[in-house]
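# Notes for the structure review
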Amino acid sequence: DAGVIQSPRHEVTEMGQEVTLRCKPISGHDYLFWYRQTMMRGLELLIYFNNNVPIDDSGMPEDRFSAKMPNASFSTLKIQPSEPRDSAVYFCASSFSGGSPLHFGNGTRLTVT
Amino acid sequence: RKEVEQDPGPFNVPEGATVAFNCTYSNSASQSFFWYRQDCRKEPKLLMSVYSSGNEDGRFTAQLNRASQYISLLIRDSKLSDSATYLCVVETGTASKLTFGTGTRLQVTL
């Protein structure tokens, strides 16, 4: 299995631009999570899905952030418009079932200038 | 009180030493617990799950204390390659929400 696949690996954009991060979970995993990691705040859960349905989006910072999971093999996290404080590493992770271990992708390092 | 708390360290220990980390959690109803390891500029990787009766995997031992609401990780005979950040993860709230601690940094030296 290829594991969780994220793209792009790096993204540099200017303030105000739209950013789209992509994730392909491990086949057969029913849960998908989006985390954001910064030095100051560590790993923060933004949103997670079960069987493509958003379960908890209380960690999404504000309306500029949105996430979708149109099918079992693909999810996007979109930031529009982006701001410098959004600079972070964004990780996607999937798990087989509720409460089981997470498998992380390599992350997307986002820099907003 | 934070949902999951860890001492950020760093813990600087010589090779061969034994080192232990604790992690406290606030939700007494939490059911799933894990330790992850994260190397610099890499993704977190599962080190081990934590079971109620405690469990061991080679040089690593994990314990759960439900009464005091903490989990621990013990590393025996530390190796240089153990240098990393160790993250505890706790299922909090309902429906499989997994919350990470901020991590404890370990540096093993010669």
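Look above for the structure.
Residues numbered from 1 in each chain as written. Chains lettered and ligands numbered in written order. Predicted model: local features only at pLDDT ≥ 70, side-chain atom pairs only at ≥ 80, totals over all residues. Heavy atoms only, no water.

## Concerning the overall build of chain A
Just so we agree on the cut-off: Secondary structure follows DSSP: runs of H or I at least 4 residues long count as helices, runs of E at least 2 residues long count as strands, and numbering of each begins at the N terminus. Two things to know: the radius of gyration comes from C-alpha atoms, and the globule rule equals 2.2 Å times the number of residues to the power 0.38. Burial here depends on accessible area, computed with a 1.4 Å probe over protein chains only, as a share of the maximum for the residue type. Under 20% is buried, over 50% is exposed, and the range in between is partly exposed. We call two residues contacting when some pair of their heavy atoms lies within 4.5 Å.
Along the backbone of chain A there are zero helices and 11 strands. Its C-alpha atoms give chain A a radius of gyration of 13 Å, near enough to 13 Å, the size a compact globule of 113 residues would have. The dimensions of chain A, computed from C-alpha atoms along their principal axes, are 35 × 25 × 25 Å. For chain A, the residues scored as buried account for 48% of the 113 residues in total. Sequence separation of at least 24 residues holds for 53% of the intrachain contacts in chain A that already meet a minimum separation of 6.

## Here we look at the sheet that holds strand 6 (residues 55-57) of chain B
Residues and elements named next belong to chain B. Short version of the rule: Strands are labelled as partners when DSSP assigns at least two bridges between them. Fitting a line to C-alpha atoms yields each axis, with helices limited to the stretch in contact; the angle taken between N-to-C directions then spans 0 to 180 degrees.
Read across the sheet, five strands follow the order 1-3-8-7-6 without closing on themselves; strand pairing throughout is antiparallel. Edge positions in the sheet fall to strand 1 (4-6) and strand 6, since each has one partner strand and no second. Between one strand axis and the next, the sheet turns through 20° on average, direction left out of account. With six bridges joining them, strand 3 (residues 19-25) and strand 8 (residues 70-75) adopt antiparallel strand pairing. Looking at the pairing, F21 lines up with L73 of strand 8.

## Some points on unusual backbone geometry
Residue and element names in this part refer to chain A. Note the cis peptide between S7 and P8, where omega equals -10°. Positionally, P8 belongs in the loop between strand 1 (5-7) and strand 2 (10-13). One non-glycine residue, N51, lies in positive phi territory at about 50°. In this fold, N51 is placed in the loop between strand 5 (42-50) and strand 6 (53-56). The partly exposed category is assigned to N51, whose relative accessible area is 46%. A positive phi is found at N52, a non-glycine position, where the angle reads about 75°.

## Here's the deal with the pairing of strand 3 (residues 19-24) of chain A
All names here are of chain A. Looking at chain direction, strand 1 and strand 3 are connected through three bridges and run antiparallel. Pairing of S7 across the sheet is with R22, part of strand 3. In this sheet, strand 8 (residues 74-79) lies alongside strand 3 in antiparallel orientation, the contact comprising five bridges. From the neighbouring strand, R22 faces strand 8, where its bridge partner is T76.

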